[in-house]
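Structural features, examined
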Amino acid sequence: MRVATVFSRGLSGLEAPLVRVEAHVGGGLPQFRIVGLPDTEVKEARDRVRAALDTSRFRFPDGRVTVNLAPADLPKESGRFDLPIAIGILAASQQVPDRELATLEFAGELGLAGELRPIRGALAMTFGAHRDGRAFVIPDAAAAEASLAPGARVLAARSLLDVCAHLSGAAPLSPYRCTALPRRQSHGDLSDVRGQHQARRALEIAAAGGHSLLMIGPPGTGKTMLASRLASILPPMTSDEALEAAAVQSLASGAFDPSRFGERAVRSPHHTASGAALVGGSSPPRPGEISLAHHGVLFLDEFPEFSHRVLEVLREPLESGRICISRAARQAEFPARFQLVAAMNPCPCGYLGHFSGKCKCTPDNVQRYRRRISGPLLDRIDLHVEVPALPPSQLKRAARGERSELVAERVKIARAKQLARQAVANARLDATQCEAACAADDSVYELLVQAASQLSFSARAYFRVLRVARTIADLAGCERVLEGHVAEALGYRGAAPT
Ligand SMILES: [Zn+2]
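Quick summary incoming for the structure in this document. All figures in this text were calculated on a predicted structure; none of them were measured in a lab.

**Overview of the overall build of the chain**
When helices and strands are tallied, the chain shows 20 helices and 18 strands. Each principal axis of the C-alpha atoms in the chain carries an extent, and together these give about 85 × 45 × 45 Å. The long-range fraction of contacts in the chain, counting pairs at least 24 apart against all pairs at least 6 apart in sequence, stands at 74%. Carbon and sulfur atoms form 51% of the exposed surface of the chain, whose accessible area is close to 21800 Å². A distance of 3 Å separates the average location of the 61 positive side-chain charges in the chain from that of its 52 negative side-chain charges.

**Describing the pattern of salt bridges**
Close approach of charged atoms allows side chains of opposite charge to pair. Under the definition given, this model contains 30 salt bridges. Notably, a salt bridge pairs Arg134 with Asp132, separated by 3.8 Å at the nearest N-O pair. For Arg134, a relative accessible area of 13% translates into the label buried. Residue Arg403 pairs with Glu405 through a salt bridge whose shortest N-O separation is 2.7 Å. For Glu405, a relative accessible area of 57% gives the class exposed.

**Topic: the coordination of the zinc ion**
With distances of 2.2 to 2.4 Å, the protein atoms coordinating the zinc ion are Cys347 (SG), Cys349 (SG), Cys359 (SG) and Cys361 (SG). One can describe the site at the zinc ion as tetrahedral: its four donor atoms subtend angles covering 108 to 113 degrees at the metal. Here the donor residues of the zinc ion are spaced in sequence according to C-x1-C-x9-C-x1-C. You can see Cys349 sitting in the loop between strand 17 (339-344) and helix 13 (363-370) and its partner Cys361 sitting in the loop between strand 17 and helix 13, a full 12 residues away along the chain.

**Re the packing of helix 18 (residues 442-454) against helix 20 (residues 483-491)**
At a closest axis distance of 9 Å, the pairing of helix 18 and helix 20 adopts a crossing angle of 20 degrees. Compared by their axis directions, helix 18 and helix 20 come out roughly parallel. In this structure, the crossing between helix 18 and helix 20 has a hand that is right-handed. Contacts between helix 18 and helix 20 involve Ser443, Val444, Leu447, Leu448 and Ala451 on the former and, on the latter, Glu483, Val486, Ala487 and Leu490. For the contact of helix 18 with helix 20, the per-class residue count stands at seven nonpolar, one polar and one charged.

**Structural notes on the nonpolar core**
Ranked by internal contacts, the top residues of the largest apolar core, which has 54 residues, are Leu213, Met215, Leu226, Leu230, Ile233, Val341 and Val481. Tallying contributions element by element places helix 19 (residues 459-476) first for this core, with 10 residues. When near neighbours in sequence (up to four residues on either side) are disregarded, Ile233 contacts Leu190, Leu203, Glu204, Ala207, Ser404, Val407, Ala408 and Val411. By size, the runner-up hydrophobic cluster in this structure holds 44 residues, among which are Ile34, Phe60, Val137 and Cys164.

**Structural notes on the sheet that holds strand 10 (residues 213-216)**
Hydrogen bonding along the main chain pairs the strands of a sheet, whether they run parallel or antiparallel. Spatially, the five strands line up as an open sheet ordered 11-14-17-10-18, and their pairing is parallel. Single-partner strands in this sheet number two, and they are strand 11 (266-267) and strand 18 (383-386). Relative to strand 17, strand 14 (residues 297-300) runs parallel, the two being bridged by four bridges. Note that in strand 17 the partner of Leu298 across the bridge is Leu340. This element, helix 6 (residues 197-209), spans strand 10, strand 17 and strand 18 of the sheet and lies at about 165 degrees to strand 18. Across the face of the sheet, helix 7 (residues 223-233) comes into contact with strand 10, strand 11, strand 14 and strand 17 while running at roughly 170 degrees to strand 17.

**A look at the pairing of strand 9 (residues 154-157)**
Every second residue of strand 9 is oriented toward a common face, with Val154 and Ala156 on one face and Leu155 and Ala157 on the other, all of them buried. In this structure, strand 8 (residues 135-139) lies alongside strand 9, joined through four bridges in parallel fashion. Within strand 9, the residue paired with Ile138 across the bridge is Ala156.

**So, unusual backbone geometry**
Across the junction of Ala70 and Pro71, the peptide omega takes the value 0 degrees, indicating a cis bond. As for its placement among the helices and strands, Pro71 is situated in the loop between strand 4 (64-70) and helix 2 (82-92). Here His295, not a glycine, exhibits a phi torsion of approximately 65 degrees, which is positive. You can see His295 is positioned in the loop between helix 10 (289-292) and strand 14. We note that Ser456 has phi near 40 degrees; this positive angle belongs to a residue other than glycine. Mapping Ser456 onto the fold places it in the loop between helix 18 and helix 19.

**What to know about helix 1 (residues 39-55)**
The first and last C-alpha atoms of helix 1 sit 25 Å apart over 17 residues, in line with the 24 Å expected at 1.5 Å per residue. When we look at burial in helix 1, the residues that qualify are Val42, Ala45, Arg48, Val49, Ala52 and Leu53. Each buried residue of helix 1 sits inside an arc of 145 degrees when the element is viewed along its axis, so together they form one side. Exposed side chains of helix 1 directed beyond 90 degrees from the buried face belong to Thr40 and Asp54.

**Section: the packing of aromatic side chains**
The relation between two aromatic rings is expressed through the spacing of the ring centres and the mutual angle of the planes. Scanning the entire structure with this criterion turns up two aromatic pairs. Consider the rings of Phe32 and Phe60, whose centres lie 5.0 Å apart with planes at 50 degrees: the pair is tilted. With Phe32 in strand 3 (residues 31-35) and Phe60 in the loop between helix 1 and strand 4, this pair connects stretches of sequence that are 28 residues apart. We note that Phe32, like Phe60, is buried. Their ring planes at 80 degrees and their centres at 5.1 Å tell us that Tyr462 and Phe463 sit as a pair that is edge-to-face. As far as burial versus exposure is concerned, Tyr462 and Phe463 are alike and both buried. The side chain of Arg50 reaches across the aromatic face of Phe60, ending 4.4 Å from its centre. One Lys or Arg, Arg134, reaches over the ring of Phe7 and ends 4.0 Å from the middle of that ring.

Rules used throughout
Residues numbered from 1 in each chain as written. Predicted model: local features only at pLDDT ≥ 70, side-chain atom pairs only at ≥ 80, totals over all residues. Heavy atoms only, no water. Helix = DSSP H or I, 4+ residues; strand = E, 2+ residues; numbered from the N terminus. Contact = heavy atoms within 4.5 Å. Areas by Shrake-Rupley, 256 points an atom, 1.4 Å probe, with all protein chains shown as cover. Lys, Arg positive; Asp, Glu negative; His and termini not counted. Charge placed at Lys NZ, Arg CZ, Asp CG, Glu CD. Salt bridge = Lys/Arg side-chain N within 4 Å of Asp/Glu carboxyl O. Buried < 20%, exposed > 50% of the residue type's maximum accessible area, 1.4 Å probe, protein only. Donors = N, O, S within 2.8 Å, 3.2 Å for Na, K, Ca; no water. Tetrahedral: all angles 85-135°; square planar, octahedral: opposite > 155°, others 65-115°. Axes fitted to C-alpha atoms, helices over the stretch in contact; angles between N-to-C directions. Parallel < 35°, antiparallel > 145°, perpendicular 65-115°, else oblique. Left-handed = near helix turned anticlockwise from the far one by under 90°. Nonpolar A, V, L, I, M, F, W, Y, C, P; charged D, E, K, R; others polar. Core = buried A, V, L, I, M, F, W, Y, C linked by side-chain atoms within 4.5 Å. Pairing = 2+ DSSP bridges. Expected span 1.5 Å × (residues − 1). Arc of directions from axis to C-beta. Phe/Tyr/Trp six-rings, centres within 6.5 Å; stacked < 30°, edge-to-face > 60°. Lys NZ or Arg CZ within 6 Å of the ring centre and 35° of its normal.

This is a description of form; function is not addressed.
In structure tokens, the structure reads:
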């Protein structure tokens, strides 16, 4: 009678708690029990493990085989535990040596022929294994992403036989080294946008201060093009940000591409997306679009077409940078510090104010259309800008804009000032920090108070204008926020739908 203990990892939000897989082989009638997995998953896991042992020419032990996964109350997905279960059974039946098991962790789903299939969340699990001082044995297909964890030892295997050859010393697996991945430039360049001086300026301010942005204009004026270029001018991610973003993306199968490591994600879900797709859901909970856009850009085109309920759930993560998901008594928290860029038409037909004059929408229709976005949500968007249609003759004359590279340089300098002054981007200043950071004269506040009462601003909107003014001053290289900066910032509230 023997017991073998093998280490693995579960997933709960971005955490990957340790799971002990204990295998026991005893006498008695043949029986194979797995304890600690949901009943529905036990049978499948049992069938896969049994088949893989068989096709890999191992002997399934006679007698009673009991596998216990502890702790019992963790959310578990059975697939990832196939490999540790198989290794546990092989070690308990003395078909592979157990001397190295205390220094290793295992995860991987087994195919019926013993091949290892990729798993989600490899990066979060590797962080955990490394923190506890163990090397991580995982499927080859997930190794590139796992190897991003700094200092971690990742052993990549293609099959159960590879892993067993390592444990027996016949063919040790060598630590996985990530080969240099080609850098892809995928965002396009800001110089592709013709004209639209004001919108480009708003985009630069949004990038510099991390502000959310709403663009209002007819179809075909370049709103989508502008939004997709935001990532090309954003300041580079810190290595912590890049790792955190990659770890979240790695939780959603297929969402993470290691060659994109360090690039800010741009997610643009369609307006028919469900609440679960947008904020996360399913059981066990998985991250939604807002978390896949963590440290990146969430672009919502046709903003008023999103369902009211879906839009309202954005309010909380817009403030806190996190989302808590509850599903069937399970809770998971995912980071969701995205930069929101929204775009909308000025009216239901889209052509209000267009040079063609073809809009026939009634003022009532326009009002109803714009009211689909609630005041509190609009309040949370820092910059509102109009993106007008240019007649073809003007568009031809309109100069190509500056290249992204030049704008990105100014953005980088402005952002560095913010981090040096207050350790966060201006968009994340709270009210007290904001006034301290602005170091403005009384006349500046007088101007702001006057405008706020004329335009009946909420207190929230008041501070948003001040934060944007702080960013405008940073772009101008000014230590103090001046009246001109506030005046420009006020201009970005004017186009707000009322
Ligand atoms: Zn219209």
